[in-house]
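Residue-level structure breakdown
Each chain, letter by letter, is given below.
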Amino acid sequence: MHKTKKSTWVVIAVMIAVALAAPVAVGPKNNYMLNILISYCYFGILAASLNLLIGYTGQMSLGHAAFMAIGGYAYAILNKTMGLHFLIAIVGAVVISFICGLFIGLACSKLSTIFLAMTTSGFAKAVTLIIINEKWLTGGANGFTGIPKLTVFGHKMGNFELYYVALAITLLVFLFCYRLIYSKTGRAMQAVRNAPIAAAAMGINVNGYKFLVCGISAALAGLAGCIYAVNMNYLSADMFNKTSITLLTMTVCGGMGSLFGPVVGTLVIGTLPELLRTFSGYLDGVYGVMIILVMLFMPEGIYGGIKNLAGKVMTRKNAASQPGKEAQDGK
Amino acid sequence: MGNEILLKAENVTMRFGGLKAVDQVDMEIKKGEIHALIGPNGAGKTTFFNVISGIYMPTSGQVLFDGQDITKLKPHQVTQKGIARTFQNIQLFESMSALENVMIGHHTRTDSTVLGTMFHTKKMKEAEWKCYHKAEEMLEFVGLGDEKETLASSLPYGKKRILEIARALASEPKIIMLDEPCAGMNASESNDLAQTIYKIRDSGITVLLVEHDMKFVMGISDMVTVLDHGGKICEGVPDKVKHDPQVIEAYLGKEDEE
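The shown structure was predicted, so the numbers you read here are calculated from the model rather than taken from an experiment. (Residues numbered from 1 in each chain as written. Chains lettered and ligands numbered in written order. Predicted model: local features only at pLDDT ≥ 70, side-chain atom pairs only at ≥ 80, totals over all residues. Heavy atoms only, no water.)

1. Notes on the sheet that holds strand β1 (residues 5–16) of chain B
Residues and elements named next belong to chain B.
- If you walk across this open sheet you meet the four strands as β2-β1-β4-β5, and the pairing is antiparallel. The open sheet is flanked by β2 (19–30) and β5 (68–69), the only strands paired with a single partner.
- Strand direction decides the pairing type here: β1 and β2, joined by eight bridges, are antiparallel. Within β2, the position partnered with Arg15 by the bridge is Lys20.
- Contacts between helix α1 (residues 45–52) and the sheet are confined to β1, β2 and β4 (60–65), with β1 contributing the most and set at about 115 degrees to the helix. (Pairing = 2+ DSSP bridges. Helix = DSSP H or I, 4+ residues; strand = E, 2+ residues; numbered from the N terminus. Contact = heavy atoms within 4.5 Å. Axes fitted to C-alpha atoms, helices over the stretch in contact; angles between N-to-C directions.)

What follows is the structure in structure tokens.
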């Protein structure tokens, strides 16, 4: 049975404490910083969901932002156009994303590697085009405007409150991922990535699991889309153009196949555009260089790289204290 | 040893384009025996294995397991029925620990759902512990009790083969099919392996084995089937097979050739 180390729990506790204190530190009226903090939440969810798909199950997706868009638009339509309560709208958006994910799951179970990458990329393009052309539903190229803020008991939530809601959802998503990974389903997912033929011979329904994980991953991405929609109050198709690649960068650079990877990836890649605001024209170039460097020097991602480095330092320390010990043992 | 037939292949043919990899093979495997399948390279042994374990669907013929037709089942359904296998080219889940590998072997017998996982129900926790203990037990059984936390990728070659057997056993099979289990093992390792195979047989699991090492096969098998060019050329107890002219011919070539 999986046991998480005490030191890991300490790190998690510190991270949660920092996350809780952050909006107070930047000030409840500092909308610029609060928006960044909220973006960490939805990007975190998105990276974690993509990690389930790529990192754990080994299914390539180049169109993950499509599910975020589907979730966001579904929320906006359910909430504003149809006037449903935001909780129902969120559940509806997640269910719709889940179903769309299963649709891609069908492709997953038939295609592999590069073919799947092309299919998901095509899917994302198709979703964008549908959003632009179905004007009556989505507002078309002008975007979907005026998505209302969350209202609880007559109180309109500002970004300060929204951040805490988003953070709570993010933590729940990570708890879900943690439980999923250290379960029968999680082991089966990793088996599918490691050796599909052996996985099938162990009684794992390989296609069934690909199908299921696509659905789960899309549902989580849809959930992130809801937060995005509420935070932005506005959606348009071109907002999602580059997001798929950003998400891929976050997941791959952060470290695939670990729960901390997406967190590290989100914090690093999510902060870059803000730091490089003056060079925003070169942002994509910076992403490209980052991916190349990380792939060359830390193939397991930034998190994996740090972990390996820490491991090396530890063994060197042990090695340094070892000779004396051996000499004593010799006597 | 009873005379009950556990696995029966009737007229199994597997054709790849113009090539008949397995040609009308009949085979019966009795419950509780160690049955070996031998033959020169390219005789169709592994293909026959793949047909039984559901990776290939035979062009014609039938596979019956415990009286049920399993010809059209998918690999994971075949495992569910109680047929486990190992691979000639080792297929471990390399990035996972030895224990996790074996836990995956127990997949079909683990009773937990995604919803149970989400809410951490008591039933799910119990299922997980059961799976954990089963995996521990299987590692002890094959003598890998000390390698629980070792990554599969960092195990030495011989131990990888043994780990595959532990993983297959974790699925609680009625028959285990070993595809060249002692390939690349030294004498002492294959001797240990023979002991493990006897232990498996004694625990009530039937063993079907593909092997090249004649000494090994003749030593431990109750029954031997010989394939050559996809067809069955001989079947019987090791002593009979050893002296069969057709078998000798298949392995050493005809005297008057050239």
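2. Considering helix α11 (residues 243–254) of chain A
Residues and elements named next belong to chain A.
- With 12 residues, α11 extends 16 Å between its outermost C-alpha atoms, agreeing within 8% with the 16 Å of an ideal straight helix rising 1.5 Å per residue.
- Along α11, 11 of the 12 residues are buried, which leaves the element largely enclosed by surrounding structure.
- Buried within α11 are the following residues: Thr243, Ser244, Thr246, Leu247, Leu248, Thr249, Met250, Thr251, Val252, Cys253 and Gly254.
- Downstream of α11 by one or two residues, Gly255 has phi in the positive range, about 130 degrees. (Expected span 1.5 Å × (residues − 1). Buried < 20%, exposed > 50% of the residue type's maximum accessible area, 1.4 Å probe, protein only.)

3. Some words on the pairing of strand β3 (residues 34–38) of chain B
Residue and element names in this part refer to chain B.
- Extensive coverage of β3 is indicated by the burial of five of its five residues.
- Neither face of β3 is left uncovered, since the one carrying Ile34, Ala36 and Ile38 and the one carrying His35 and Leu37 both have all their residues buried.
- Here β3 pairs with strand β8 (residues 206–210) via four bridges, running parallel. Bridged to Ala36 within β8 is Leu209.
- Across four bridges, the pairing between β3 and strand β9 (residues 223–228) is parallel. If you follow Ile38 over to β9, its bridge partner there is Val226.

4. Some details on the packing of helix α2 (residues 31–56) of chain A against helix α7 (residues 159–181) of chain A
Residues and elements named next belong to chain A.
- Between α2 and α7, whose axes approach to 9 Å, the crossing angle comes to 15 degrees. As far as their axial angle goes, α7 and α2 are roughly parallel. Handedness of the α2/α7 crossing: left-handed.
- Its residues placed into classes, the contact of α2 with α7 shows 19 nonpolar, five polar and no charged. (Parallel < 35°, antiparallel > 145°, perpendicular 65-115°, else oblique. Left-handed = near helix turned anticlockwise from the far one by under 90°. Nonpolar A, V, L, I, M, F, W, Y, C, P; charged D, E, K, R; others polar.)

5. With respect to the sheet that holds β3(B)
Residue and element names in this part refer to chain B.
- A sheet is described by the order of its strands in space; here six strands give the open sequence β6-β7-β8-β3-β9-β10, paired in mixed fashion. The sheet is open, and its two edges are formed by β6 (83–85) and β10 (231–236), each paired on a single side. In this sheet, neighbouring strand axes are inclined to one another by 20 degrees on average, regardless of whether the strands run parallel or antiparallel.
- Pairing between β9 and β10: five bridges, direction antiparallel. Among the inter-strand pairings, Asp228 is bridged to a residue of β10, identified as Gly231.
- Sitting on the sheet, α1 touches β3, β6, β7 (175–179), β8 and β9, and the angle it makes with β7 is about 150 degrees.

6. Details of the domain arrangement of chain B
All names here are of chain B.
- Splitting chain B by domain gives domain 1 (1–82 + 173–258) and domain 2 (92–171).
- Between domain 1 and domain 2, the C-alpha centre-to-centre distance is 27 Å.
- Contacts between the two partners involve 18 residues from domain 1 and, on the opposite side, 12 residues from domain 2.
- Summing both partners gives a buried area of about 1,300 Å² for domain 1 against domain 2, and 67% of it is carried by carbon and sulfur.
- In this structure, the connection of domain 1 to domain 2 is made through zero salt bridges.
- Inspection of the region where domain 1 meets domain 2 yields five residue pairs in polar contact (both at pLDDT 80 or more).
- The set of elements that each furnish at least two residues to the side of domain 1 that touches domain 2 consists of α2 (75–81), β7 and α7 (187–202).
- When residues of the side of domain 1 that touches domain 2 are assigned to their parent elements, the largest contribution, five residues, is made by α7. (Domains from an automatic or database assignment. Buried area = accessible area lost by both parts, 1.4 Å probe. Salt bridge = Lys/Arg side-chain N within 4 Å of Asp/Glu carboxyl O. Polar contact = N/O pair within 3.5 Å; in protein donor to acceptor, adjacent residues only side chain to side chain.)

7. Observations concerning the packing of helix α3 (residues 65–81) of chain A against helix α10 (residues 206–232) of chain A
Residues and elements named next belong to chain A.
- Interaxial distance between α3 and α10 falls to 6 Å at its minimum, and their mutual angle equals 55 degrees. Considering their axes alone, α3 and α10 lie oblique with respect to each other. When the axes of α3 and α10 are compared, the crossing they make is right-handed. Residues Phe67, Met68, Gly71, Gly72 and Tyr75 of α3 pack against Ala218, Ala221, Gly222, Gly225, Cys226, Tyr228, Ala229 and Val230 of α10.

8. Looking at unusual backbone geometry
- The phi torsion at Asn233(A) lies on the positive side, around 60 degrees, for a residue other than glycine.
- For Asn233(A), the position within the fold is in the loop between α10 and α11.
- Located in the positive-phi region is His229(B), a residue other than glycine, with phi close to 50 degrees.
- Classification of His229(B) by relative accessible area gives exposed; the value is 65%.

9. Focus: the side chain of Gln59(A)
Residue and element names in this part refer to chain A.
- Residue placement: Gln59 occurs in the loop between α2 and α3.
- Assessed through its relative accessible area of 7%, Gln59 is described here as buried.
- When residues no more than four places from it in sequence are discounted, the contact partners of Gln59 are Leu53, Ile54, Cys108, Leu116 and Lys210.

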